[in-house]
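The residues making up each chain are set out below.
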Amino acid sequence: MQQVYQQQLLHQQQQQQQLASMAAAASAAGNGQPSGTSASTENEANAVENVQDVQETTDQNILPPLSLSPVAAASMWTRKDVKDFKESIKKDSDSVIKVGSGETVTVRVPTHEDGTCLFWEFATDYYDLGFGVYFEWTVSPSNTVSVHVSDSSDDEELDEESEAANGKSDVERGAPKKDEGPPTDEIIPVYRRDCHEEVYCGSHLYPGRGVYLLKFDNSYSLWRSKTLYYRVYYTR
């Protein structure tokens, strides 16, 4: 009888231990913590920690999204034959533009499927003019060159906001690039050029398919308009 009693007592103790273990596991689960009451639970916890470590390492090694194609630097040079150049350009009236005081003229030149490089040449009468080149990553429906004229007052509100954050835009130190519209890369910053004394020329290798923006900036002039003579073309 004593042996039977001892077996029953041992069985009851085992049951109590199991109940205590179950209660501890339930309490740990409610607190969002591992119970740690069995080898299998510990192995599972270690496996989860290892997976988390791998995920953290993988996240640190993830490369950023691919950027747009790299843009090469432009080439620029000048020529002294200003008079002859302007006489030749006068034969095409569309290539002579009056840039009014306070205005900026943007010549949009889409890349050509048969071309690999853009060339430009320009000069003015009597006075200097701001000039810069940008590349807009957008697909043009045609290869037609177009001219757009904007007045300095068109962007007055935007300029006031940018002045507070970045300082006033000054064509003397290069006009800032605005982050509106399609992605755009600055090829040549806008600076005043003495294009009334020399013919300013340049070229740039296509970085991809898009539209070149040739900026002729007279926004700094309050009274004087400028006569612009320009020519653009592509080569294979």
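Residues numbered from 1 in each chain as written. Predicted model: local features only at pLDDT ≥ 70, side-chain atom pairs only at ≥ 80, totals over all residues. Heavy atoms only, no water.

Caption draft 1: View of unusual backbone geometry. At Tyr 126, a position not held by glycine, the phi torsion is positive, near 75 degrees. Among the structural elements, Tyr 126 can be located in the loop between β4 (117-124) and β5 (129-136). Its relative accessible area of 68% is what places Tyr 126 among the exposed residues. (Helix = DSSP H or I, 4+ residues; strand = E, 2+ residues; numbered from the N terminus. Buried < 20%, exposed > 50% of the residue type's maximum accessible area, 1.4 Å probe, protein only.)

Caption draft 2: The nonpolar core, seen in detail. With 23 residues, the main nonpolar core has Trp 120, Phe 122, Val 133, Tyr 212, Leu 214 and Phe 216 as its most contacted residues. Residue contributions to this core peak at four residues, all from β5. Apart from the residues lying within four places of it in its own chain, the contact partners of Phe 122 are Phe 85, Phe 131, Arg 193, Cys 195, Glu 198, Val 199, Tyr 200, Phe 216, Leu 228, Tyr 229 and Tyr 230. Counting residues in hydrophobic clusters, the runner-up holds seven residues, among them Phe 85, Ile 89, Ala 123 and Val 199. (Core = buried A, V, L, I, M, F, W, Y, C linked by side-chain atoms within 4.5 Å. Contact = heavy atoms within 4.5 Å.)

Caption draft 3: Structural detail: the packing of aromatic side chains. Across all of its chains, the model carries 12 aromatic pairs by this definition. Here Trp 77 and Phe 119 contribute two aromatic rings whose centre-to-centre distance is 6.5 Å and whose plane-to-plane angle is 70 degrees, an arrangement assigned as edge-to-face. Residue Trp 77 is found in strand β1 (residues 75-79), and its partner Phe 119 is found in strand β4; the two are separated by 42 residues along the sequence. For the pair Phe 135 and Tyr 212, a centre-to-centre distance of 4.9 Å together with 75 degrees between the ring planes defines the contact as edge-to-face. Placement of the pair is Phe 135 in strand β5 and Tyr 212 in strand β9 (residues 211-217), with a sequence separation of 77 residues. Like Phe 135, the residue Tyr 212 is buried in the burial classification. Ring-pair connections join several aromatic residues into one group, and the members of that group are Trp 120, Phe 122, Phe 131, Tyr 200, Phe 216 and Tyr 230. (Phe/Tyr/Trp six-rings, centres within 6.5 Å; stacked < 30°, edge-to-face > 60°.)

Caption draft 4: Fine view of the side chain of His 204. Inspection of the secondary structure puts His 204 in strand β8 (residues 199-205). On the basis of relative accessibility, which here comes to 1%, the residue His 204 falls in the buried class. In this structure His 204 touches Val 71, Ala 72, Ala 73, Ala 74, Thr 116, Cys 117, Leu 118, Trp 120, Ile 187 and Tyr 212, once residues within four positions along its chain are discounted.

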